[in-house]
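Single-letter residue listing:
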Amino acid sequence: QVQLVESGGGLVQPGGSLRLSCAASGSIYTIYTMGWYRQAPGKQRELVASVTSGGATNYADSVKGRFTVSRDNAKNSLYLQMNSLKPEDWAVYYCNADLMRYGDFEIMICWGKGTLVTVSS
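In this text, all values refer to a predicted model and were calculated from it rather than measured experimentally. Each chain carries its own residue numbering, running from 1 in the written order of its sequence. Only residues with pLDDT of at least 70 get local features here, since the model is predicted, and only at 80 or more are side-chain atom pairs given and counted; chain-wide, interface and lining totals rely on the full set of residues. By convention in this description, side-chain values take in all heavy atoms of the structure and omit both hydrogens and water.

(A) Here's a closer look at the pairing of strand 1 (residues 2–7). Note on exposure labels: buried denotes an accessible area under 20% of the residue type's maximum, exposed denotes more than 50%, and partly exposed covers the range between, all computed with a 1.4 Å probe on protein chains only. Strands here mean DSSP runs of E at least two residues long; helices mean DSSP runs of H or I at least four residues long; both are numbered from the N terminus. The alternating pattern of strand 1 places Val-2, Leu-4 and Glu-6 on a buried face, while none of Gln-3, Val-5 and Ser-7, on the opposite face, is buried. Following DSSP output, two strands are said to pair if at least two bridges run between them. Relative to strand 3 (residues 18–26), strand 1 runs antiparallel, the two sharing 6 bridges. Within the sheet, the bridge partner assigned to Ser-7 lies in strand 3 and is Ser-21.

(B) Representation of the packing of aromatic side chains in the model. What counts as a ring pair is set by centres within 6.5 Å for rings of Phe, Tyr and Trp (its six-membered ring), and what kind of pair is set by the plane angle: stacked under 30 degrees, edge-to-face over 60, tilted for all other angles. Taken as a whole, this structure holds 2 aromatic pairs when the rule is applied. With a centroid separation of 4.9 Å and an interplanar angle of 65°, the aromatic rings of Tyr-37 and Trp-111 are classed as edge-to-face. Taken together, the residues span a long stretch of sequence, with Tyr-37 in strand 4 (residues 28–39) and Trp-111 in strand 10 (residues 108–111) at a distance of 74 residues. You can call Tyr-37 partly exposed: its relative accessible area is 23%. Charge-over-ring placement is defined geometrically: NZ (Lys) or CZ (Arg) within 6 Å of the ring centre, and within 35 degrees of the ring normal. Across from the ring centre of Tyr-94, 3.7 Å away, lies the NZ or CZ of Arg-45, which sits over that ring. Here the basic side chain of Arg-45 rests over the ring of Trp-111, its NZ or CZ set 4.7 Å away from the ring centre.

(C) Molecular detail of the pattern of salt bridges. Here, a salt bridge means any side-chain nitrogen of Lys or Arg that lies within 4 Å of a carboxyl oxygen of Asp or Glu. By the definition in use, this model includes 5 salt bridges. Note that Glu-46 and Arg-38 form a salt bridge whose closest N and O atoms lie 2.7 Å from each other. A relative accessible area of 36% places Glu-46 in the partly exposed class. Here the residues in one salt-bridge network are Arg-38, Glu-46, Arg-66 and Asp-89, joined through shared partners.

(D) Structural detail: the state of the cysteines. Note on terminology: disulfide denotes any pair of cysteine sulfur atoms within 2.5 Å. Applying the stated criterion across every chain, the model contains 1 disulfide. In this model Cys-110 remains outside any disulfide bridge; the closest cysteine sulfur is found in Cys-95, 9.4 Å from its own. On the basis of relative accessibility, which here comes to 6%, the residue Cys-110 falls in the buried class.

(E) The arrangement of the sheet that holds strand 1 in detail. The strand order 1-3-8-7 describes an open sheet built from 4 strands, whose pairing is antiparallel. This sheet does not close on itself; its edge strands, each paired only once, are strand 1 and strand 7 (67–72). The mean angle between the axes of side-by-side strands here comes to 15°, regardless of whether they run parallel or antiparallel. Lines fitted to C-alpha atoms define the axes here, with helix axes fitted over just the stretch in contact, and angles between the N-to-C directions of these axes take values from 0 to 180 degrees.

All quantities given are derived from atomic positions and should not be read as evidence of function.
Quick look at the structure:
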């Protein structure tokens, strides 16, 4: 069994900052790409940022220059530093990981349950 648990969400004023964390646990052999997705009310889930096991990053245009994704491979953890937050960043943020478990030979796609980020004055 593999679990992804997000933390760090909350209420922040426009222009403020938050740092999200995601910890993966369980019988994990290796994690490939990890990413943050978000879903606002009435909208589809969208990719915010991702990072490969080698450190290559990818960002949605809407967050470039404001958000920074990082990971700690030794801790199986993923982070998202969010600065200059805007009301349009208000969403549930989900952690995602493509990984392989011990004893498996297929890549498994795992999701966390999400953490709410509210940007409002």
